[in-house]
Structure formats: C-alpha cells, structure tokens
Amino acid sequence: MIQIELTESAAYEVKDMLEKNDMADGYLRFKVEGGGCTGMTYGMAAEFEKSDRDEEYEFHGVKVIVDKYDAPVINGTVIDFKQSLMGGGFTIDNPNASLSCGCGASFRTKTHAGAPEDC
C-alpha cells in the first residue's frame with residue numbers, strides 16, 4: 001500500500017465539492033496521466049464507484065481512490081488546498097518528481113518519463 005495524504009483543508013474543499021454535486025458518498029480519484037511538457041500530469045475527479053485495481057484511503061471523512069498502477073509515481077504525495085488573496089487551489093507535493101515544467105502543471109520521475117507533449 002502506498003502512502004499519500006489529503007490535508008484537512010484539502011479534504012474540506014473536496015467534501016464541499018462532492019456534496020454540491022450530490023456525491024456525498026462518492027470518491028475522489030487521484031490519478032496520473034501522460035502529457036504536459038514534462039511527461040505526466042495529475043488529475044482529480046469525483047467518482048461513484050471504485051474498480052478492482054483501486055486502492056482506497058480515507059482522510060478527514062473523504063474517501064480517496066488511486067489506481068495501483070499509479071502508486072509508484074505518487075507514493076509519498078501530499079495534496080493540500082491553499083487560499084490566498086488571489087483565490088485558492090489545490091497543491092500537490094510529490095517527492096518522486098525529479099523534474100517539472102515551468103508552470104508546475106506536469107512532471108516526471110527518475111523512473112517514469114510519461115508521454116511529453118509539445119507546449
């Protein structure tokens with residue numbers, strides 16, 4: 001099983017979004033997809049069901065699912081939500097990311113290059 005963390009402030013935001021979309025019993029899917037300047041991008045989505053390949057976690061009342069194939073790339077990742085005068089947004093701190101693009105939207109690890117796209 002991998003180690004990830006959804007902070008309390010991130011869980012609050014996710015729980016609020018799930019409830020507003022009539023998915024209070026749903027899951028937050030945290031995933032990695034090929035793409036971006038550096039090769040991989042993060043994704044988050046609300047889902048009603050999990051698959052046989054998913055590992056399930058719970059943080060502050062939010063159920064999070066991660067595909068087992070994404071596990072090596074995101075092990076140790078912390079998902080947070082930061083609020084500022086300019087608005088708020090999720091931040092992802094992945095200790096496995098060895099390179100990221102200038103805007104921080106994509107990354108690669110020492111063992112996974114992903115599928116870089118032209119930017």
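Source: prediction; values computed, not measured.

(A) Structural context of the overall build of the protein chain. Along the backbone of the protein chain there are two helices and nine strands. Its C-alpha atoms give the protein chain a radius of gyration of 14 Å, near enough to 14 Å, the size a compact globule of 119 residues would have. Seen through its C-alpha atoms, the protein chain measures out along the principal axes to roughly 40 × 35 × 25 Å. Buried positions account for 37% of the 119 residues belonging to the protein chain. For the protein chain, contacts bridging at least 24 residues in sequence account for 57% of all contacts bridging at least 6.

(B) Layout of the nonpolar core. Ile2, Ile4, Leu6, Val62, Val64, Val66 and Ile74 are the most contacted members of the largest nonpolar core, which has 23 residues in total. For this core, the secondary-structure elements that each account for two or more residues are α1 (8–20), β2 (27–35), β4 (54–59), β5 (62–67), α2 (71–74) and β6 (78–84). The leading source of residues in this core is α1, at four residues. Discounting chain neighbours no more than four positions away, the residues touching leucine 6 are Ala11, Leu28, Phe59, His60, Val62, Val64 and Ile79.

(C) The arrangement of unusual backbone geometry in detail. Of note, the phi angle at aspartate 22 is positive, near 55 degrees, even though the residue is not glycine. As for its position among the elements, aspartate 22 is in the loop between α1 and β2. Look at histidine 60: it is not a glycine, yet its phi comes out positive at around 50 degrees.

(D) Seen up close, the sheet that holds β5. Taken together, the six strands give an open sheet; going across it, the order is β4-β5-β2-β3-β9-β8, and neighbouring strands pair in mixed fashion. Edge positions in the sheet fall to β4 and β8 (97–100), since each has one partner strand and no second. Each strand axis lies, on average, 35 degrees off the axis of its neighbour in the sheet, ignoring direction. Pairing between β4 and β5: six bridges, direction antiparallel. Pairing of glutamate 55 across the sheet is with valine 66, part of β5. Set on the sheet, α1 makes contact with β2, β3 (39–47), β4 and β5; between it and β5 the angle comes to about 95 degrees.

(E) View of the packing of aromatic side chains. Tallied over the entire structure, the rule returns three aromatic pairs. Judged by centre distance (6.3 Å) and plane angle (20 degrees), the rings of tyrosine 57 and phenylalanine 59 are stacked. Here tyrosine 57 falls in the buried class, since its relative accessible area comes to 8%. Between the aromatic rings of phenylalanine 81 and phenylalanine 90, the centroid separation amounts to 5.1 Å while the plane-to-plane angle is 75 degrees, which identifies the pairing as edge-to-face. Using a relative accessible area of 28% as the deciding quantity, one classes phenylalanine 90 as partly exposed.

Thresholds applied
- Each chain carries its own residue numbering, running from 1 in the direction its sequence is written.
- Local features in a predicted model are, by the rule used here, given only for residues with pLDDT of at least 70; side-chain atom pairs are given and counted only at 80 or more, and totals for whole chains, interfaces and linings are based on all residues.
- Where side-chain values are given, they derive from all heavy atoms of the structure, hydrogens and water being excluded.
- Strands are runs of DSSP state E lasting at least 2 residues, helices are runs of H or I lasting at least 4, and numbering of each runs from the N terminus.
- Throughout, the radius of gyration refers to the C-alpha atoms, and the reference size of a globule is 2.2 Å times the residue count to the power 0.38.
- Whether a residue is buried, partly exposed or exposed follows from its accessible area with a 1.4 Å probe, protein chains only, as a fraction of its type maximum: under 20%, in between, or over 50%, in that order.
- By definition in these notes, contact holds between two residues if any of their heavy atoms fall within 4.5 Å.
- The definition of a nonpolar core used throughout is a set of buried Ala, Val, Leu, Ile, Met, Phe, Trp, Tyr and Cys residues joined through side-chain atoms within 4.5 Å.
- Strand pairing follows a simple DSSP-based rule, namely that at least 2 bridges must link the two strands.
- Axis geometry follows a simple rule: fit a line to the C-alpha atoms, using only the stretch in contact for helices, then measure angles between N-to-C directions, giving values from 0 to 180 degrees.
- Classification of ring pairs rests on two measures: the distance between centres of Phe, Tyr or Trp rings, Trp counted by its six-membered ring, which must be within 6.5 Å, and the angle between planes, read as stacked under 30 degrees, edge-to-face over 60 and tilted in between.

Structural measurements only, silent on function.
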